[in-house]
Amino acid sequence: MLEGAYSLTVSGTGNNNFIPMRAGEEADFLSWYLPRRRGIMKVNIRYFNRIYSTGCSVREKPGGKFTVLSASVGYGAKVSPRPDAEIPLTFGGSPSATVTDGFNSDRIDVNIPENAWLSVMLRVRAEEDLELPSTDESASSGYKNGLRTLNVLRPNFIGCDAGFDRTLVFFGDSITQGTRTATDKYEAWSHRTALALPLSVNVINLGMGWSRAYDAAADGLFLNLAKSGDKVIVCFGVNDIKSGCRTGENIVENLKTVARLLRENRPSVDIIQCTVPPFNMDPWQEEQRQKVNRAVLAGEISPKIFDIASILEAETPGRVKPEYMSAPDDAHPNGSAGEAVARVLVGELLKGGL
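First, a word on what this report is: a plain description of the structure on this page. Since this is a predicted model, take the numbers as computed values, not measurements.

1. Things to note about the packing of helix α6 (residues 248-265) against helix α7 (residues 283-297)
Phase 1: Viewed as axis vectors pointing N to C, α6 and α7 meet at an angle of 40 degrees, and their least axial separation amounts to 8 Å. Of the two possible hands of crossing, α6 and α7 adopt the one that is right-handed. On α7, the residues touching Gly 248, Glu 249, Ile 251, Val 252 and Leu 255 of α6 are Gln 288, Lys 291, Val 292 and Ala 295.
Phase 2: When the residues that make up the contact of α6 with α7 are grouped by side-chain class, the tally is five nonpolar, two polar and two charged.

2. Things to note about the nonpolar core
Phase 1: Of all hydrophobic cores here, the largest spans 108 residues; its most connected members are Val 68, Leu 122, Val 124, Leu 132, Phe 171, Trp 189 and Phe 306.
Phase 2: Other than its neighbours up to four places away in sequence, Leu 132 contacts Asn 17, Phe 18, Ile 19, Met 21, Phe 29, Tyr 47, Phe 66, Val 124 and Leu 153.

3. Regarding the pairing of strand β2 (residues 17-21)
Phase 1: In terms of burial, β2 is largely enclosed, as four of its five residues are buried.
Phase 2: Where β2 meets strand β11 (residues 130-136), five bridges bridge the pair, whose relative direction is antiparallel. In the strand pairing of β11, Phe 18 is matched with Pro 133.

4. Here we look at the pattern of salt bridges
When the charged atoms of two side chains with opposite charge come close together, those side chains can pair.
Phase 1: One pass over the structure, following the stated rule, counts 23 salt bridges.
Phase 2: Glu 249 serves as the salt-bridge partner of Lys 291, at 3.3 Å between the closest nitrogen and oxygen. Separated by 42 residues along the polypeptide, Lys 291 in helix α7 and Glu 249 in helix α6 bring together distant segments of the chain.
Phase 3: Here Arg 289 makes a salt bridge to Glu 313, at a shortest N to O gap of 2.8 Å. Taken together, the positions of Arg 289 in helix α7 and Glu 313 in the loop between α8 (308-312) and β21 (325-327) put the pair 24 residues apart, joining distant regions of the chain. For the pair shown, Arg 289 and Glu 313 are each scored as buried.
Phase 4: Because the salt bridges share partners, they merge into one network encompassing Glu 3, Asp 230 and Arg 266.

Analysis parameters
Residues numbered from 1 in each chain as written. Predicted model: local features only at pLDDT ≥ 70, side-chain atom pairs only at ≥ 80, totals over all residues. Heavy atoms only, no water. Axes fitted to C-alpha atoms, helices over the stretch in contact; angles between N-to-C directions. Helix = DSSP H or I, 4+ residues; strand = E, 2+ residues; numbered from the N terminus. Left-handed = near helix turned anticlockwise from the far one by under 90°. Contact = heavy atoms within 4.5 Å. Nonpolar A, V, L, I, M, F, W, Y, C, P; charged D, E, K, R; others polar. Core = buried A, V, L, I, M, F, W, Y, C linked by side-chain atoms within 4.5 Å. Buried < 20%, exposed > 50% of the residue type's maximum accessible area, 1.4 Å probe, protein only. Pairing = 2+ DSSP bridges. Salt bridge = Lys/Arg side-chain N within 4 Å of Asp/Glu carboxyl O.

In structure tokens:
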């Protein structure tokens, strides 16, 4: 669904939440990104009007009808409630668009200065009472009506016209998205890896908070976006166990289904299966995590394996190293964890080990 499009950002911006709006209500949404490329390029944005994956709503739930009153791509020397400059977007030549299934803007010429941040502004009006599919994202800034907020209507994809050799997709949950890492620092393992790779590698981050292996295995929008990858790094399991109460056997079967569907779509795809990261689980949950990881390490899902768990895990099995936790009561990996994981992963990717 994203074949041939170069991703300008490394943020995970899938729809895993929603914003309630009343018919006739209007709102401005501004989101900021660290772009992989700067300079003169043609840029467009895409949005899919549905929930990708289980989160605060139901997987594949469509959003209601709304109108994009105006939209723009901009930039600024720093993240703020207003960009330094904005270039209007159009939709089929029109400055506005009525949205049912989603939208794909026209391409516009943008010149992003060196060291500048990239922004997207969307002004929308609800045409009925609706739940607007949105991104719950803590690693990059967003604003609603000028006020900082985590839950923002974001474009699901910001593309540019750059050439590339291959596409790498990160496909996972909040640990892949970068949840709980410092805002606008791009410290997560996926962010650091993407920014360290050559620009000839197109990188799409499909990490998304609350998502589960069974969401991916359902073969809906979420997986169909991952099918754009020549190489797909898969990292699910924590939410399947923690909130989904799934057994290790269930998760292994879901991961096998994901791998099979990816290969059926693209027989040459490289699938790198991650072990399930530690998350300070209770004994039953930890037993399920260990079951999954034994299967992963045995090569039951893919011959290519990235043992992310071994990097993050303390001497006590199942516990995250304290220095790698985002807070004393939050097992999400922090920036130091992202650095440790990315150091190993980038090395393996660049030398061709994965």
